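# Structure assessment
Spelled out, the chains give:
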Amino acid sequence: MEDVLLEQFLKGDPLLIRQLRPIILDFVTRTGGNSDDAREVFQIVSLSLFERAKRTPAQYISKAFKVWLNKHRRDPDYVSEQTDQLEADLEAAFAPFSGLLTALRKEDEAATDWFNRTGGSVLLPFVKAGNGDVTAAGDILAAALKKCRRVIRDFKDYFLKSCKNEWLRLKKKRGMISPEEYITHLETEDDTEADLHELPNLILNLFHKASNACRKLLHPLLFEGKTKDELLGILGYKNPGSFDVAKSRCLSALREELKQHPYFKPADV
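Throughout what follows, the structure given in this document is the object of discussion. (Residues numbered from 1 in each chain as written. Predicted model: local features only at pLDDT ≥ 70, side-chain atom pairs only at ≥ 80, totals over all residues. Heavy atoms only, no water.)

Moving on to the pattern of salt bridges. Following the criterion strictly, the structure yields nine salt bridges and no others. Note that Glu 7 is salt-bridged to Lys 11, the shortest N-O span being 3.1 Å. The class for Glu 7 is partly exposed, based on a relative accessible area of 45%. A salt bridge links Glu 51 to Arg 55, with the shortest nitrogen-to-oxygen separation between them at 2.3 Å. Judged by relative accessible area, Glu 51 falls into the partly exposed class, the value being 34%. (Salt bridge = Lys/Arg side-chain N within 4 Å of Asp/Glu carboxyl O. Buried < 20%, exposed > 50% of the residue type's maximum accessible area, 1.4 Å probe, protein only.)

For the rest of this paragraph, the subject is the state of the cysteines. By the definition in use, this model includes one disulfide. Disulfide pairing places Cys 214 opposite Cys 250 at an S-S distance of 2.0 Å. Between Cys 214 and Cys 250 the sulfur-sulfur dihedral comes to about -80 degrees; the bridge is accordingly left-handed. Remark: Cys 250 occurs in helix H14 (residues 240-259) and Cys 214 occurs in helix H12 (residues 212-222); sequence separation between them is 36 residues. As far as burial versus exposure is concerned, Cys 214 and Cys 250 are alike and both buried. (Disulfide = S-S within 2.5 Å. Helix = DSSP H or I, 4+ residues; strand = E, 2+ residues; numbered from the N terminus.)

Attention now goes to a negative patch on the surface. A cluster of like negative charges, contributed by Asp 75, Asp 77, Glu 81 and Asp 84, occupies part of the molecular surface. By the element assignment, Asp 75 lies in the loop between helix H4 (57-70) and helix H5 (76-94). When its relative accessible area of 35% is taken as the criterion, Asp 75 is described as partly exposed. (Patch = residues over 30% accessible without salt bridge, like charges linked within 9 Å, V, L, I, M, F, W, Y side chains within 5 Å. Areas by Shrake-Rupley, 256 points an atom, 1.4 Å probe, with all protein chains shown as cover. Lys, Arg positive; Asp, Glu negative; His and termini not counted. Charge placed at Lys NZ, Arg CZ, Asp CG, Glu CD.)

Within the element layout of this structure, Gln 82 appears in helix H5. Excluding residues that lie within four positions of it along the chain, Gln 82 makes contacts with Phe 65, Leu 69, Phe 126 and Ala 129. (Contact = heavy atoms within 4.5 Å.)

The next subject is the packing of helix H2 (residues 14-30) against helix H9 (residues 155-173). Remark: H2 packs on H9, axes separated minimally by 11 Å, with the N-to-C direction vectors making an angle of 35 degrees. Along this stretch, H2 crosses H9, giving a crossing that reads as right-handed. For the pair formed by H2 and H9, the contact residues are Leu 16, Gln 19, Leu 20, Ile 23, Ile 24, Phe 27 and Val 28 on the first element and Phe 155, Lys 156, Phe 159, Leu 160, Cys 163, Lys 164 and Trp 167 on the second. (Axes fitted to C-alpha atoms, helices over the stretch in contact; angles between N-to-C directions. Left-handed = near helix turned anticlockwise from the far one by under 90°.)

The next thing to look at is the packing of aromatic side chains. Per the stated rule, a full pass over the model turns up 11 aromatic pairs. Considering the side-chain rings of Phe 9 and Phe 50, the 6.0 Å spacing of their centres and the 25 degrees angle between planes classify their relative orientation as stacked. On the criterion of sequence distance, the pair formed by Phe 9 in helix H1 (residues 4-10) and Phe 50 in helix H3 (residues 35-54) is long-range, its members being 41 residues apart. Relative accessible area serves as the criterion here: at 3%, Phe 9 is assigned to the buried category. The interplanar angle of 20 degrees and the centroid separation of 5.9 Å between the aromatic rings of Phe 94 and Phe 115 together place this pair among those described as stacked. Of this pair, Phe 94 sits in helix H5 while Phe 115 sits in helix H7 (residues 109-129), and the two are 21 residues apart along the sequence. Pair check on accessibility: Phe 94 and Phe 115 agree, each one buried. Ring-pair connections join several aromatic residues into one group, and the members of that group are Phe 9, Phe 42, Phe 50, Phe 155 and Phe 159. (Phe/Tyr/Trp six-rings, centres within 6.5 Å; stacked < 30°, edge-to-face > 60°.)

Let us look at the side chain of Ser 46. Structurally, Ser 46 is set in helix H3. On the accessibility criterion, Ser 46 (8% relative accessible area) is buried. Filtering out sequence-adjacent residues up to four positions away, Ser 46 remains in contact with Phe 9 and Phe 159.

Dropping the structure here:
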C-alpha cells in the first residue's frame, strides 16, 4: 500500500507542500543553486508524480521501450513516432482489462500472465523493427512490470531523492556536476529517463578498471542497496573501521576514473 502522504500531495494538500518546499530550497541552495532553481526542481518532480499517478500499463511499457530504443537509434523523430504508435496499440490491446494496473500491483498471477502475453505480442514487432529480439522484448516487459508494481511507501523520502536527482540532472546539463556529487547521490528515481540511466551504466563500464576487491565492495553497495552491516558479514571484514578504509580507497579510485570521463565536461548549450 502506498504512503497516504502521496495521495494528500496529489490532492494538493497545502500543509504538506509547505513542509516540503523549505527542505528542497535548503538542499538546492546548499549545493550551488538558488531559489529559482529550487522552484524549478520542485515543479518538475511534482509534475512527474502527477503524470505517474495517471500512467497506464501501456505507458509503462512504451516508456521502457523508448529508453531501449534510444540506445539503438539516433533518430529522435523515429523514436517518438514508434513510441507513440506502440502506446496507442497497447492501449487498445489492454482495453478489455480495465483493472489491470491494480491487479498487477497485487501481483495477481493471471493478470501478470495476461500482461506479458498481450503486451509481448504487441511489443515484439516494434522491438524487431529496432533490430531487437525476443530477449530484448522480454527485458522491456520485465522493466515495465517492475515499474507497474512499484509503490511509494515513504513519500517524503521518495520526493527528496527525486528532487536531488532532478537537481543533479540540471547541474549536469549546466556543466556544474562533479564526480564526488554523483557518487554521493547515486540512487535514481522511479521516473528517470534515459539521460540519468547513463550514469549507472557509466559506473558499471568503469568497474573493469577496479580491483576485484573493489568490485565486490562497490557493486552491492551502490547498485544492490546492501547496507554496511550486511557487507561486513558478506565480505568478511572483522571490524567496521577496515570496511570504511576499503570503501574510501575504492571510491577515491573510482572518482579519479570518473574525472577523466567526458560525461563530466560542461554540456554544449
